[in-house]
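Residues per chain are reported as follows:
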Amino acid sequence: YLKSLASQILSMCEYRASLSDYLTQRMNAIAPNLTIMVGELVGARLIAHAGSLIKLAKYPASTIQVLGAEKALFRAIKKNQRTPKYGLIYHASLVGQSNGNIKGKISRALAAKCALSVRVDALGESPDASVGLQAKTYIETRMRNLESGKFAKVSGSGKQNQQKYTPGNNSGFQKGSYNQSNDVQMDDDSTAKSGGMTFVKAKTSAGADLSAAKGDDDSSSSDDEVVPIAKKSKKIKKEKKEKKEKKKKEKKEKKDKKDKKKKKKAEAQEEVEEIEEDSDSDDEAEKKKKKKKKNKKKRDRDTDDLDVRSSVKKMKVDS
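Residues numbered from 1 in each chain as written. Predicted model: local features only at pLDDT ≥ 70, side-chain atom pairs only at ≥ 80, totals over all residues. Heavy atoms only, no water.

Enquirer: In this structure, what is going on with a negative patch on the surface? I would like to understand it.
Expert: A surface patch of like charges, here negative, comprises Glu 267, Glu 270, Glu 271, Glu 273, Glu 274, Glu 276, Glu 277 and Asp 278. Tracing the chain through its elements places Glu 274 in helix 11 (residues 229-318). (Patch = residues over 30% accessible without salt bridge, like charges linked within 9 Å, V, L, I, M, F, W, Y side chains within 5 Å. Areas by Shrake-Rupley, 256 points an atom, 1.4 Å probe, with all protein chains shown as cover. Salt bridge = Lys/Arg side-chain N within 4 Å of Asp/Glu carboxyl O. Lys, Arg positive; Asp, Glu negative; His and termini not counted. Charge placed at Lys NZ, Arg CZ, Asp CG, Glu CD. Helix = DSSP H or I, 4+ residues; strand = E, 2+ residues; numbered from the N terminus.)

Enquirer: Sorry, what's going on with unusual backbone geometry here?
Expert: Keep in mind that most residues, glycine aside, have a negative phi and that most peptide bonds are trans. One non-glycine residue with positive phi stands out, namely Asn 80, at about 55°. Summarising the element assignment, Asn 80 is placed in the loop between helix 6 (70-78) and helix 7 (93-97). Note on Asn 80: relative accessible area 71%, which makes it exposed. (Buried < 20%, exposed > 50% of the residue type's maximum accessible area, 1.4 Å probe, protein only.)

Enquirer: Please explain the confidence of the model for the protein chain as it appears in this structure.
Expert: Close inspection of predicted coordinates is inappropriate for parts of the model with low pLDDT. Considering every residue of the protein chain, the mean pLDDT works out to 77; 73% of them sit at 70 or more. Across the protein chain, helix 4 (residues 53-58) holds the top mean pLDDT of 93, while strand 2 (residues 197-204) sits lowest at 42. Taken as a whole, residues 188-227 scores under 50 in pLDDT and shows 55 contacts with residues more than four places along the chain or in a different chain. (pLDDT = per-residue confidence, 0-100. Contact = heavy atoms within 4.5 Å.)

Enquirer: So what exactly am I meant to see when it comes to the packing of helix 1 (residues 2-30) against helix 3 (residues 40-50) here?
Expert: Two measures define how a pair of helices packs: the angle their axes make with one another and the distance between the axes. Between helix 1 and helix 3, the least distance of the axes is 10 Å, while the angle of their chain directions is 70°. For the element pair helix 1 / helix 3, the angle class is roughly perpendicular. Helix 3 is crossed by helix 1, and the crossing has left-handed handedness. Taking contact as the criterion, the partners of Leu 23, Thr 24 and Met 27 in helix 1 are, on helix 3, Glu 40, Leu 41, Gly 43, Ala 44 and Ile 47. (Axes fitted to C-alpha atoms, helices over the stretch in contact; angles between N-to-C directions. Parallel < 35°, antiparallel > 145°, perpendicular 65-115°, else oblique. Left-handed = near helix turned anticlockwise from the far one by under 90°.)

Enquirer: Just checking my understanding: could you explain helix 8 (residues 103-123) for this structure?
Expert: Note that an α-helix has 3.6 residues per turn; residues three or four places apart therefore point the same way. Its 21 residues place the ends of helix 8 30 Å apart at the C-alpha level, agreeing with the 30 Å of an ideal helix rising 1.5 Å per residue. Listed as buried for helix 8 are Lys 103, Gly 104, Ile 106, Ser 107, Ala 109, Leu 110, Ala 111, Cys 114, Ala 115, Ser 117, Val 118 and Asp 121. Where the residues of helix 8 are buried, they touch helix 1, helix 2 (32-38), helix 4, helix 5 (61-66), helix 7 and helix 9 (130-148). (Expected span 1.5 Å × (residues − 1).)

Enquirer: Before we go on, may I ask you to explain the side chain of Thr 35 in this structure?
Expert: With respect to the helices, strands and loops of the structure, Thr 35 is situated in helix 2. A relative accessible area of 9% places Thr 35 in the buried class. In this structure the side chain of Thr 35 is engaged in a polar contact, spanning 2.5 Å, whose partner is the backbone oxygen of Pro 32. (Polar contact = N/O pair within 3.5 Å; in protein donor to acceptor, adjacent residues only side chain to side chain.)

Enquirer: Where do I start with the environment of Pro 127 in this structure?
Expert: Mapped onto the elements of the fold, Pro 127 is located in the loop between helix 8 and helix 9. Judged by relative accessible area, Pro 127 falls into the exposed class, the value being 68%. Taking the C-alpha atoms as reference points, Pro 127 and Ala 29, separated by 98 residues in sequence, lie 7.9 Å from one another.

Enquirer: Is there a simple way to explain the packing of aromatic side chains in this structure?
Expert: Each aromatic ring pair is characterised by the separation of its centres together with the angle its planes make. This structure, assessed with the given rule, holds one aromatic pair. With a centroid separation of 5.0 Å and an interplanar angle of 40°, the aromatic rings of Tyr 86 and Tyr 90 are classed as tilted. The side chain of Lys 113 reaches across the aromatic face of Tyr 138, ending 4.6 Å from its centre. (Phe/Tyr/Trp six-rings, centres within 6.5 Å; stacked < 30°, edge-to-face > 60°. Lys NZ or Arg CZ within 6 Å of the ring centre and 35° of its normal.)

And the structure:
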């Protein structure tokens, strides 16, 4: 008995090894990038759960991340709780290697890279697994940086050469040359008050006047033109306020009209119901009267029948 049991266990182990070899061969042939990212077992589970490789390629990264945990997801959505961070991807080696604090971030990044690798496997022509290798190295470096607390530079050689600005140290920045034509000089009598409004007038070094009005292009006027900045700003604010008030009024009028219509409808319905109730009460009264009349007639008939029977009995007795 023990020998037969041991032989069965050995045969099952051999069958399991042959199955794993077959699975690795098939997955390397069908989805090499996905097998490098997640492993042949988890990759095969994902494909089986989706239905096919093309269906899995159509899924976005967010659904690939939660594949296998649909019940928990819908339960969390129903009860307004936290949604699950991983499904079948949890059994991947990259997620298992990461710490508990980082597992959610690593699973999200892994799902995104898995989505790309699956699309390459399903729709790409080259049998190479270069995309999967690059994605795996990226996730490994990201995991290392997250564990150590250092964040790698995202992309581009420009970010490597970029310098940070410090207020005291300006050695890394080039000083720009002074451009006199772009400079604006303010006169001593630049601010003039008239009727509580402040006006600003400005001159360039070339002597050209700056006017706030867009249509004023008169080159003949040599005197400094006063620019009413405060007036314009106040006018704009007033116009905005007026527009807002108009919109509010229109909304109120619409609401009042709707309320009036609703009230009229409700009153009309109430009147109709009252009329129906009155008519029903009249009909019921008529029905009751008819029933009473019928009952009276029945009683009269019964009494007549009794009289006739009693008289017949008497006649029989007499005879």
